[in-house]
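One-letter residues, chain by chain:
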Amino acid sequence: MIIDIGLIRRSWSLVEPVADQVTQHFYGRLFANYPHIREMFPPAMDLQRDRLFHALTQVVLNLEDGAGLSDYLGQLARDHRKYGVQAEHYPAVGSCLVAAMRFTAGGAWLPAYDEAWMTAYNYIAEVMIQAAEQDAVHTPPAWIGTVVAHEVRTPEIAVITVEPDHPYPYRAGQYATLQSAHWPRVWRPYSIANAPRQDNLLTFHVRMVPGGWVSTALMHHTRPGDSLLLGPPRGSLVLDRASTSHLIFIAGGTGLAPLKALIEESVWVPDRPAIDLFHGVRRSGDAYDNEDLQRLRSQHRRLRIVRAVSDDPEDWRRHSAVDALEYHRIVPDGDVFVCGSSEMVRVTANRLLGLGVPFDRIHTEFAPGGAPSLAVL
């Protein structure tokens with residue numbers, strides 16, 4: 001199977017500027033032609049449309065990266081199992097997707113683009129179907145988690161500890177998607193804030209988003225004993241991406257969660273790296289995890305923690321986490337892990353590049369809230 005990357009990219013340039021129209025037409029056609037598929041989706045589709053476009057962008061930009069693309073598609077496939085996706089659903093998605101791009105591009109769309117996209121999509125579907133079938137042999141499509149602790153740390157942040165009903169095979173730095181019983185079929189990504197433990201417990205740092213369905217349910221309507229659904233682990237912000245012995249972690253708000261998990265894991269690494277953690281918050285009262293961070297510092301011995309406050313009138317410095325890096329004259333001579341909001345990650349990565357940090361030593365997980373959940377279905 002030969003994918004014509006040139007045709008894919010040329011046709012993509014026609015539809016990328018009008019992505020909203022493509023996704024609206026795609027879902028409209030999909031639900032009209034295959035109404036039974038609609039029940040897999042949440043009531044509101046705005047976020048889902050963004051995820052489709054993001055997933056397509058990742059595929060188009062990484063067609064040359066065979067191993068990396070296969071890994072990405074495998075993660076998507078394993079994640080799709082929680083929606084109830086079956087092998088027979090893939091042809092419907094492919095035909096509606098190509099039809100939506102053809103319709104939106106109008107007369108600029110060439111017949112050759114249809115063939116190129118169907119060839120690429122058939123490859124994508126084959127990889128995803130195989131990955132899902134292999135995963136189904138030994139793992140469930142989703143885990144039932146029981147809330148064993150719920151701590152409100154600030155008016156906007158809760159720390160929730162969950163016990164899955166089966167062993168949850170993840171790596172420090174990864175994330176899970178959560179579904180509350182208050183909002184069936186609505187999943188949101190949250191980084192796991194601890195390294196794997198023998199007791200199988202998972203801790204999540206939840207910031208309540210104004211109008212956020214799941215975050216509000218987790219913050220105000222969840223108590224110990226309640227059940228949550230957990231999707232499979234995803235993400236690649238893992239410790240072995242680093243190649244140096246001095247690591248810099250830059251976190252914004254609850255972007256601290258996966259970096260905290262990496263610190264926990266690094267305690268047990270034979271050649272324990274030196275770590276400078278910069279945690280940026282808006283106000284001093286937003287520093288919600290001080291006690292645990294101090295515990296980690298006493299265990300790690302090579303961990304330095306700096307808190308940066310960006311919007312507190314009582315703190316005269318008022319700088320971001322990356323500002324604090326420069327203020328303390330820390331030379332970013334190793335790998336840098338960045339996690340936070342999409343805007344925080346973008347700004348911080350650009351600043352780091354300006355400081356001379358090589359692109360391949362800046363490690364991020366681009367996502368809302370610090371962790372993506374990309375899904376075509």
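What counts, and where the lines are drawn
- Residues numbered from 1 in each chain as written.
- Predicted model: local features only at pLDDT ≥ 70, side-chain atom pairs only at ≥ 80, totals over all residues.
- Heavy atoms only, no water.
- Axes fitted to C-alpha atoms, helices over the stretch in contact; angles between N-to-C directions.
- Helix = DSSP H or I, 4+ residues; strand = E, 2+ residues; numbered from the N terminus.
- Parallel < 35°, antiparallel > 145°, perpendicular 65-115°, else oblique.
- Left-handed = near helix turned anticlockwise from the far one by under 90°.
- Contact = heavy atoms within 4.5 Å.
- Nonpolar A, V, L, I, M, F, W, Y, C, P; charged D, E, K, R; others polar.
- Core = buried A, V, L, I, M, F, W, Y, C linked by side-chain atoms within 4.5 Å.
- Buried < 20%, exposed > 50% of the residue type's maximum accessible area, 1.4 Å probe, protein only.
- Domains from an automatic or database assignment.
- Buried area = accessible area lost by both parts, 1.4 Å probe.

*Asks:* How do you make sense of the packing of helix α5 (residues 89-105) against helix α6 (residues 111-136) when you look at a structure like this?
*Replies:* Each pair of packed helices can be described by the angle between their axes along with the distance between the axes. At a closest axis distance of 10 Å, the pairing of α5 and α6 adopts a crossing angle of 150°. In this view, α5 runs roughly antiparallel relative to α6, as classed from their interaxial angle. For the element pair α5 and α6, the recorded crossing hand is right-handed. Facing α5, whose interface residues are Tyr-90, Val-93, Gly-94, Val-98, Met-101 and Arg-102, α6 presents Asp-114, Trp-117, Met-118, Tyr-121, Ala-125, Met-128 and Ile-129. Looking at the contact of α5 with α6 residue by residue, the classes come out as 10 nonpolar, one polar and two charged.

*Asks:* Honestly, the nonpolar core in this entry has me stumped. Any pointers?
*Replies:* Most often, soluble globular proteins have nonpolar side chains that are buried together. Of all hydrophobic cores here, the largest spans 48 residues; its most connected members are Phe-26, Leu-30, Leu-73 and Trp-117. Mapped onto this core, the elements with two or more residues apiece are α1 (5-15), α2 (19-33), α3 (46-61), α4 (66-80), α5 and α6. Looking at this core, the element that brings in the most residues is α6, giving 12 residues. Dropping the residues within four chain positions of it, Leu-73 is found in contact with Val-59, Tyr-123, Ile-124, Val-127 and Met-128. Counting 23 residues, the second-largest nonpolar core is a separate cluster that includes Ala-195, Leu-239, Ala-251 and Phe-337.

*Asks:* Would you mind going over the domain arrangement of the chain with me for this structure?
*Replies:* Bring the parts together and some accessible area is lost; that lost area is often taken as the interface size. For the chain, the assigned domains are domain 1 (5-137), domain 2 (143-234) and domain 3 (247-364). On a C-alpha basis, the centres of domain 2 and domain 3 stand 23 Å from each other. Counting from both sides, the interface comprises 14 residues of domain 2 and, opposite them, 15 residues of domain 3. When domain 2 packs against domain 3, close to 1300 Å² is buried across both sides, 57% of that on carbon and sulfur atoms.

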